[in-house]
2 protein chains.
Amino acid sequence: MAGNENAGTAEFRQKMSPFREIAILGPGLLGGSLALALTGSANTRLWARRADAVAEILEKKIASMASIDLKEVVHGADLIIFCTPVEVMREIAFQISSHILPGTIVTDVGSVKERVLRENGQLFANFVGSHPMAGSEQGGLDAARKDLFEGAVCILTPDQSTNTLALQKVTAFWDALGCEVQLLSPREHDEIVGAISHLPHLTASALVRAATSIPGRPQRFAGQGFRDSTRIASGPPPMWAGILLSNRQAVRTGIRRLISELETADSFLETADEEGLRKFLTEAKTIRDSVRSKQKENGGI
Amino acid sequence: MAGNENAGTAEFRQKMSPFREIAILGPGLLGGSLALALTGSANTRLWARRADAVAEILEKKIASMASIDLKEVVHGADLIIFCTPVEVMREIAFQISSHILPGTIVTDVGSVKERVLRENGQLFANFVGSHPMAGSEQGGLDAARKDLFEGAVCILTPDQSTNTLALQKVTAFWDALGCEVQLLSPREHDEIVGAISHLPHLTASALVRAATSIPGRPQRFAGQGFRDSTRIASGPPPMWAGILLSNRQAVRTGIRRLISELETADSFLETADEEGLRKFLTEAKTIRDSVRSKQKENGGI
């Protein structure tokens, strides 16, 4: 597969210059897409848990090297990127923490940040939490593509212990890949992403169940509206169960707010309050219309 | 604008042969798209409330004739199609009922059917309720296109008073336009469409409000998942308030079911029941994955 088309530019090379050896832990959609995007600008070292995944990576030339041996993959790396599910990061972090160079920068792509910082922040001197908001309901290496990150927002979550130089370098890294980098505290990140990403996911699943639970198989009559509004319910359940549980406080707050909004709408229907219902819908439309489209359809979740 | 590309075929002409003069009442997305789809196979007569809309229709050659005069538009029509909001159909029906030929077939494109049948079924000897599930959050004549109905499901809602021959002719009509015709009773229709179309619409609006009501303007971080799952919240509020109120019993049932599903998910989060949450998400994914895609992206709501 061809490398990132930006990879040859002087600006790209300058931003990537601190990173010659990049270890990517986990060969899913995000890890695979990172390896593809970095082809030609760094040596990419990809860790996978399963030998057949390693064979596939090597056959498709997705990374410079690949192995099931964590120590071999992280050996000599300038940058290590966790692309594993959030709930297994800690176990892997313990395995590699004594095998990395003092200056190695460590980051991740996890959808929750307080937990990741709490678990990994102290194990690595140069840890910076990242959350590139790119993804797809189609997970896995097969869905990986080199332009996945172009135009996506990437949230970095420094806290008081974050090394400033490491933050600068990780910012330059995502910027070079075409992301719009934003900074939030880990807590702000989890509250905001819980509302704008995790709550919609759970809502899509709940809506599929609610809409199809009456007699007559309503899904036979699903139009584009239903399909779009529930597309993310096709995401991988084990991954999403992990994300939702890792951020359950924010998600539960979101559920309470959503139920409250639904009850408000229900009261307008009960009393046939057309003006109230119009106002409810108009306010939502105004907010929704203000959400800018990304120039590229990158499928960020 | 060019006519429907099927319009020249023998099969199309045969299905459309009962209808030489077709009156379309209301020049919005559906009425405009119908007129475009019928260009070349019938004389299309388009009624609009406003003179500037009539001028636009004539300038763009969307219909064979257009007028603000209802009687003029329905005069001599073989088929009359209500494409107005549900809540104004009754008023228009009264105005035209004494001016139409005995054999004229009357149908509509409304999203609710019990109310429409109750209000209009007795005024017209040959009334057949239709609901082509095609649309877009972009309403209005500007969004009209001749292929809007291709591949869309169109639900017809005969009851005990429906003339069988009229039902056959209206079935052939939608079939010729590329719709997949399905039959439901008016009550079944409203329950099912309430669940699979009206509830998702209200949910999208409620989700926009809930997800953006915390500090930090979460909408700044909206990814493709949020955008897709809330796209329909951009639909026209007056039209949707009318639809939701016209079908409020089914919508309220849907709200109760959705709140119950959200509470179930919340209890899994509260007790950190990963297995329960995975099962919840997996069941939703299985149902969602079973929803077929239309071959064409026709934007049915």
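Residues numbered from 1 in each chain as written. Chains lettered and ligands numbered in written order. Predicted model: local features only at pLDDT ≥ 70, side-chain atom pairs only at ≥ 80, totals over all residues. Heavy atoms only, no water.

Student: For this particular structure, what's the right way to read the interface of chain A and chain B?
Tutor: Many structure descriptions define interface size as the accessible area lost when the parts assemble. Every contact between the two is made by 87 residues of chain A and, on the other side, 88 residues of chain B. Three residues stand out in chain A for area buried against chain B, namely A:Arg209, A:Phe221 and A:Arg288, and they jointly supply 9% of the buried area on that side. Applying the counting rule to chain A against chain B returns ten salt bridges. Its salt-bridge partner being A:Glu261, residue B:Arg209 comes within 2.7 Å of it at the nearest N-O pair. Between the two partners, chain A and chain B, sit 24 residue pairs in polar contact (both at pLDDT 80 or more). (Contact = heavy atoms within 4.5 Å. Buried area = accessible area lost by both parts, 1.4 Å probe. Salt bridge = Lys/Arg side-chain N within 4 Å of Asp/Glu carboxyl O. Polar contact = N/O pair within 3.5 Å; in protein donor to acceptor, adjacent residues only side chain to side chain.)

Student: What should I look at first to understand helix α10 (residues 237-246) of chain B in this one?
Tutor: Spacing of three or four residues puts side chains on the same side of an α-helix, whose turn is 3.6 residues. Within α10(B), eight of the ten residues are buried, leaving the element largely enclosed by the surrounding structure. The set of residues buried in α10(B) consists of B:Pro237, B:Trp240, B:Ala241, B:Gly242, B:Ile243, B:Leu244, B:Leu245 and B:Ser246. (Buried < 20%, exposed > 50% of the residue type's maximum accessible area, 1.4 Å probe, protein only. Helix = DSSP H or I, 4+ residues; strand = E, 2+ residues; numbered from the N terminus.)

Student: Would you take a moment to explain the relation of the copies chain A and chain B for this structure?
Tutor: Superposing the two chain copies requires a rotation about an axis and a translation along that axis. The transform that puts chain A on chain B rotates by 180° and translates by 0.0 Å along the axis, for an RMSD of 0.1 Å. The transformation relating the two chain copies, once decomposed into turn and shift, fits a two-fold axis. Across chain A, the rotation axis passes nearest the C-alpha of A:Ser229, at a separation of 1.8 Å. Comparing interface residues between copies, 100% of those in chain A also lie at the interface in chain B; the contact surface is shared. (Least-squares fit on C-alpha atoms with pLDDT ≥ 70 in both.)

Student: Quick question: what am I supposed to make of the packing of aromatic side chains here?
Tutor: Counted according to the given criterion, the structure contains twelve aromatic pairs over all chains. With a centroid separation of 6.4 Å and an interplanar angle of 25°, the aromatic rings of B:Phe124 and B:Phe127 are classed as stacked. Residues B:Phe124 and B:Phe127 agree in their burial class; the two are buried. Among the aromatic residues, ring-to-ring pairing joins A:Phe19, A:Phe149, A:Phe173 and A:Trp174 into one connected group. (Phe/Tyr/Trp six-rings, centres within 6.5 Å; stacked < 30°, edge-to-face > 60°.)

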